[in-house]
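The primary structure of each chain is shown beneath.
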Amino acid sequence: MKHLFFSCLLIFVAGCLVADVAGYPAFSLNKKIIDLSWSNPTIDFLSRNLADMEKDSILDGVTIRVSGKPEVFNGKKVTPGGSPWGKEKGYCWKYESFQEAVATLKKLPFKKFTDNFYYCTTTTDQFDWFNDEDWKPVLNNFRIAAKVSKAANLKGLLFDLEEYGKLRIWHFDEIGTEHSLAETSERVYLFGKQVGNAIFSEYPDVVLFMPFFLSFEGELTIPFVNGLMVAMPPEAHIVSGHEYYSYTAREPSDYKDLRYTLMSRFSRNVYPENRAKFFNQVSLGPAFYMDAIFGLLPYWSDALKPDIDKGIIPFMRRNLAAAIEESDRYIWFYSEKGSWWNNTSHRQIKTTWQQRCPDLVKTIAKVKNLEKIPFSSPENKLNNGDFSENGGFSLWQIEKDQKKPCLGSGSIGNGKAVLRKITRGCFDQRIATEPGKYYFLRIRGKNTSKGRASCKVNFLDKNKKWLHPSRCFNLPLSRDGKETDISQLFTVPKYAYTMSVQLSVINEGDQGEVTYTGALLLEL
């Protein structure tokens, strides 16, 4: 018993020290979901269907197929828009061709779709890195695409580096040049810089949503992206979609690996002059390949086993939460065989995801709004998490001089748990758990005392021995006296079989008190 007492004291004090030195990083659930699928709408489709598309939607934005007025070029009818490389070599877009499209987009009453992107791909059959004449129309078209996006109040460009034409321009061995890789890379770098100048001159604070960024297999994307970044002004931003790696993420730890590979492995491909921009202006945006999740593409679906075998709903509930935890701004959905709305004109899409899985939208909406789930929810793993009655938590406290009696007090009931005059102490509740389980924790409270208040989550092993404090975490309450919410998504560490949720305070003093008004723990 004495050993347990001092173990509790050690874990409690260590947690307080960690919080006092470094605190815990701010956490936000405010991430936006963008759909990048083949069902992405045209302006005409949006004009006719926007209200239905946004109704009950869990999306915050879409990619839009923006087209200008058709015209004749070299005796052929062509339509500006889409890939800046274009289907017709030498074809230069004109901004005037897009003015009607811009006017229509600006008038559309977007309510939920706040972050929309111009759909821009890499599609070409003819292009020579060493022919300046080949560059001119492409650079012009990038500039027009950026100008249109800015004028139409789009968030930016969806810029897909994956080649969809006959010519795989990012693969050195396939472009048929007599020049060396070094010479070609130098030209590609210069081209990337000029593309950047074209885009940023028209839209300085653009968001470039790049599904691959530095993770595409074509080696020439590296000098291109670095050239692009050289031209990037401070207000511009790039979202790295980490495409292939995101598509095969099975469990929460895989989303942490996405960040590791981006910031460690792929950051090695960033040139020295771009490293500051990379760490300050590039963010991670994880993806979900819906066709794989629904088992429509065995090659990709098999990569999600065995986790996907537990069912689409539990898979999406847990993994979307994990993606939200690691994402900086955006999460994106991609599919070729399904849609989030009816009547899409794409020939391969016959049904909506809602029709395939009726509870999917409700599940995604719930994960996006975890902070709105009431403390009284029957899903709350904490007993009496709304503090409606006296129970669920036990009070523990200790004085600096352990021979002296504890003078503090605590009470629970009527919607609050209050700690008064506590030197060191907490309300503690233990929950059985297992390594690898994934949870969402939200605490509401305010601190009007002079002490340090926080929620600490500690763990015990099978033998009820405390794990090292480095395996635990601490969420401090603000000292401004205002009621605030603090929250965190987390994975139970190895060897942990009991979780201790501690609503704590240290050095509270005689003035003020710490009041907790809710504690929610959800297993995802």
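In this text the structure is predicted, and so the values were computed from the model without any measurement.

## What to know about the overall build of the protein chain
For step 1, the next point in the chain: Secondary structure summary: the protein chain contains 14 helices and 21 strands in total.
For step 2, the next point in the chain: Based on the C-alpha atoms only, the size of the protein chain along its principal axes is roughly 95 × 50 × 45 Å.
For step 3, the next point in the chain: Of all 524 residues assigned to the protein chain, the portion counted as buried reaches 56%.
For step 4, the next point in the chain: Long-range contacts, defined here as pairs at least 24 residues apart, represent 79% of the contacts in the protein chain between residues at least 6 apart.
For step 5, the next point in the chain: Computing the positive centroid from 68 side-chain charges and the negative centroid from 60, the protein chain places the two 6 Å apart.

## Focus on the packing of aromatic side chains
The way to describe two aromatic rings as a pair is by their centre distance and the angle between their planes.
For step 1, the next point in the chain: Under the counting rule described, the total for this entry stands at 41 aromatic pairs.
For step 2, the next point in the chain: Ring geometry for Tyr289 versus Tyr334: centroids 5.4 Å apart, planes at 50 degrees, classification tilted. Here Tyr289, found in strand S10 (residues 287–289), pairs with Tyr334, found in strand S11 (residues 330–334); they are 45 residues apart in sequence, far enough to count as distant. Each of the two residues, Tyr289 as well as Tyr334, counts as buried.
For step 3, the next point in the chain: An aromatic cluster of three or more residues is present, and its members are Phe117, Phe209, Phe212, Phe216, Tyr244, Tyr247, Tyr289, Tyr299, Trp300, Tyr330, Trp332 and Tyr334.
For step 4, the next point in the chain: Geometry around Tyr95 places Lys147 over its ring, the cationic atom sitting 4.5 Å from the centre.
For step 5, the next point in the chain: Lying across the ring of Phe375, Arg442 places its NZ or CZ 4.2 Å from the centre.

## As for the sheet that holds strand S20 (residues 498–506)
For step 1, the next point in the chain: Spatial strand order, S12-S15-S20-S17-S18: five strands in an open sheet with antiparallel pairing. Sheet topology places strand S12 (394–398) and strand S18 (473–476) at the edges, where each strand pairs with a single neighbour. When the angles between neighbouring strand axes are averaged without regard to direction, this sheet yields 25 degrees.
For step 2, the next point in the chain: Two elements, strand S15 (residues 424–432) and S20, share nine bridges in a ladder whose sense is antiparallel. If you follow Ile431 over to S20, its bridge partner there is Met499.

## Observations regarding helix H3 (residues 99–107)
For step 1, the next point in the chain: Every buried residue of H3 is listed here: Ala101, Val102 and Leu105. All buried residues of H3 fall inside an arc of 100 degrees around its axis, so they share one side. Along H3, the residues that are exposed and aim more than 90 degrees away from the buried face are Glu100 and Lys107.
For step 2, the next point in the chain: Of the surrounding secondary structure, the elements contacted by the buried residues of H3 are helix H2 (43–54), strand S2 (61–64) and helix H4 (132–151).

## Let's talk about the confidence of the model for the protein chain
For step 1, the next point in the chain: Summarising the model, the protein chain shows a mean pLDDT of 91, and 95% of its residues fall at 70 or more.
For step 2, the next point in the chain: Long-range and interchain partners of residues 1–25, a stretch whose pLDDT sits below 50, account for 42 contacts in this model, where long-range means more than four residues apart.

## Brief notes about the packing of H2 against H3
Axes are the key here: two packed helices are described by the angle between their axes and the distance separating the axes.
For step 1, the next point in the chain: Between H2 and H3, whose axes approach to 10 Å, the crossing angle comes to 25 degrees. By the angle between their axes, H2 is roughly parallel relative to H3. Crossing of H2 over H3 shows left-handed handedness. On H3, the residues that touch Ile43, Leu46 and Ser47 of H2 are Ala101, Thr104 and Leu105.

## Concerning the sheet that holds strand S1 (residues 32–35)
For step 1, the next point in the chain: Sheet architecture is open: nine strands sit in the order S9-S8-S7-S6-S5-S2-S1-S11-S10, paired in parallel fashion. Two strands bound the open sheet, and with one partner strand each, they are strand S9 (282–284) and S10. Adjacent strand axes in the sheet meet at a mean angle of 25 degrees when their direction is disregarded.
For step 2, the next point in the chain: Pairing geometry for strand S8 (residues 237–240) and S9, over three bridges, is parallel.

## So, the environment of Ser454
For step 1, the next point in the chain: Among the structural elements, Ser454 can be located in strand S17 (residues 452–460).
For step 2, the next point in the chain: The exposure class assigned to Ser454 is buried, which follows from its relative accessible area of 5%.
For step 3, the next point in the chain: Put simply, Ser454 and Phe117 are 337 residues apart on the chain and 41 Å apart in space, counted from C-alpha to C-alpha.
For step 4, the next point in the chain: With sequence-adjacent residues up to four places away left out, Ser454 is seen in contact with Asn474, Leu475, Pro476, Leu477, Gln502, Leu503, Ser504 and Tyr516.
For step 5, the next point in the chain: There is a polar contact of 3.3 Å between the side chain of Ser454 and the side chain of Lys456.

## Focus: the pattern of salt bridges
Opposite charge on two side chains permits them to pair, given that their charged atoms come into close proximity.
For step 1, the next point in the chain: For the coordinates displayed, the defined rule picks out 28 salt bridges.
For step 2, the next point in the chain: The salt bridge involving Arg168 is made with Glu174; its shortest N-O contact spans 2.8 Å.
For step 3, the next point in the chain: The class for Glu174 is partly exposed, based on a relative accessible area of 43%.
For step 4, the next point in the chain: In this structure, the salt-bridge partner of Asp328 is Arg259, at a minimum N-O distance of 3.2 Å. Here Asp328, found in the loop between helix H12 (312–326) and S11, pairs with Arg259, found in helix H8 (residues 252–265); they are 69 residues apart in sequence, far enough to count as distant.
For step 5, the next point in the chain: You can call Asp328 partly exposed: its relative accessible area is 36%.
For step 6, the next point in the chain: Overall, the relative accessible area of 22% leaves Arg259 in the partly exposed class.
For step 7, the next point in the chain: Among the charged side chains, a network of salt bridges with common partners joins Lys256, Arg259, Glu325, Glu326 and Asp328.

## Here we look at the pairing of S1
For step 1, the next point in the chain: Here four bridges tie S1 to S11, and the two strands are oriented parallel to one another. The partner of Ile33 across the bridge, within S11, is Ile331.
For step 2, the next point in the chain: Looking at chain direction, S1 and S2 are connected through two bridges and run parallel. Residue pairing across strands places Ile34 opposite Gly61, the latter belonging to S2.

## Topic: H4
For step 1, the next point in the chain: Between the first and last C-alpha of H4 there are 29 Å, a value that for 20 residues agrees with the 28 Å anticipated at 1.5 Å per step.
For step 2, the next point in the chain: Capping the start of H4 is the job of one residue whose side-chain oxygen sits 2.9 Å from the backbone nitrogen of Glu133: Asn131.
For step 3, the next point in the chain: Asn153 sits one or two positions beyond H4 and adopts a positive phi of about 65 degrees.

## Regarding the environment of Ser240
For step 1, the next point in the chain: Its location among the elements puts Ser240 in strand S8.
For step 2, the next point in the chain: Residues Ser240 and Leu214, spaced 26 residues apart in sequence, show a C-alpha to C-alpha distance of 7.9 Å.

## Examining the state of the cysteines
For step 1, the next point in the chain: What the rule picks out here adds up to zero disulfides.
For step 2, the next point in the chain: Residue Cys92 stays outside any disulfide, its sulfur separated by 15 Å from that of Cys120, the closest cysteine.
For step 3, the next point in the chain: Distance from the sulfur of Cys455, which forms no disulfide, to the nearest cysteine sulfur (Cys426) is 9.7 Å.
For step 4, the next point in the chain: Taking relative accessible area as the criterion, Cys455 reaches 0% and is therefore assigned buried.

How each quantity is defined
Here the residue numbers are simple positions, counted from 1 along each chain's written sequence. pLDDT decides what is reported in this predicted model: residues at 70 or higher carry local features, side-chain atom pairs at 80 or more are listed and counted, and totals for whole chains, interfaces and linings draw on all residues regardless. The side-chain numbers reported here are obtained from all heavy atoms of the structure, hydrogens and water having been left aside. The numbering of helices and of strands both runs from the N terminus, where a helix is a DSSP run of H or I of at least 4 residues and a strand a run of E of at least 2. Exposed residues in this analysis have more than 50% of their type's maximum accessible area, buried residues have under 20%, and partly exposed residues fall in between, with area computed by a 1.4 Å probe over protein chains only. Contacts are assigned to residue pairs that have any heavy atoms within 4.5 Å of one another. The charge count includes Lys and Arg as positive and Asp and Glu as negative, but it does not include His or the ends of the chains. Where a charge lies is defined by one atom per residue type: Lys uses NZ, Arg uses CZ, Asp uses CG and Glu uses CD. Working definition: a ring pair exists when centres of Phe, Tyr or Trp rings (six-membered ring for Trp) sit within 6.5 Å. Plane angles under 30 degrees give stacked, over 60 give edge-to-face, the rest tilted. Only when the NZ of Lys or the CZ of Arg is both within 6 Å of the ring centre and within 35 degrees of the ring normal is a charge said to sit over the ring. Two strands make a pair as long as DSSP finds a minimum of two bridges between them. Geometry is summarised by axes, namely lines fitted to C-alpha atoms with helices restricted to the contacting stretch, and by angles between N-to-C directions that run from 0 to 180 degrees. The arc under discussion is defined with respect to the helix axis, by the directions toward the C-beta atoms. On a range of 0 to 100, pLDDT expresses the predictor's confidence in each residue. Put simply, angles under 35 degrees are roughly parallel, angles over 145 are roughly antiparallel, angles from 65 to 115 are roughly perpendicular, and the rest are oblique. Here a crossing is taken to be left-handed if its near helix is turned anticlockwise relative to the far helix by less than a right angle, and right-handed if that turn runs clockwise. Any N or O atom pair separated by 3.5 Å or less is treated as a polar contact, with the protein-specific requirement of one donor-capable and one acceptor-capable atom, and with residues adjacent in sequence counted only for side-chain atom pairs. For salt bridges, the criterion is a side-chain nitrogen of Lys or Arg within 4 Å of an Asp or Glu carboxyl oxygen. One less than the number of residues in a helix, times 1.5 Å, gives the span that helix is expected to have. To count as a disulfide, a pair of cysteine sulfur atoms needs to be within 2.5 Å.

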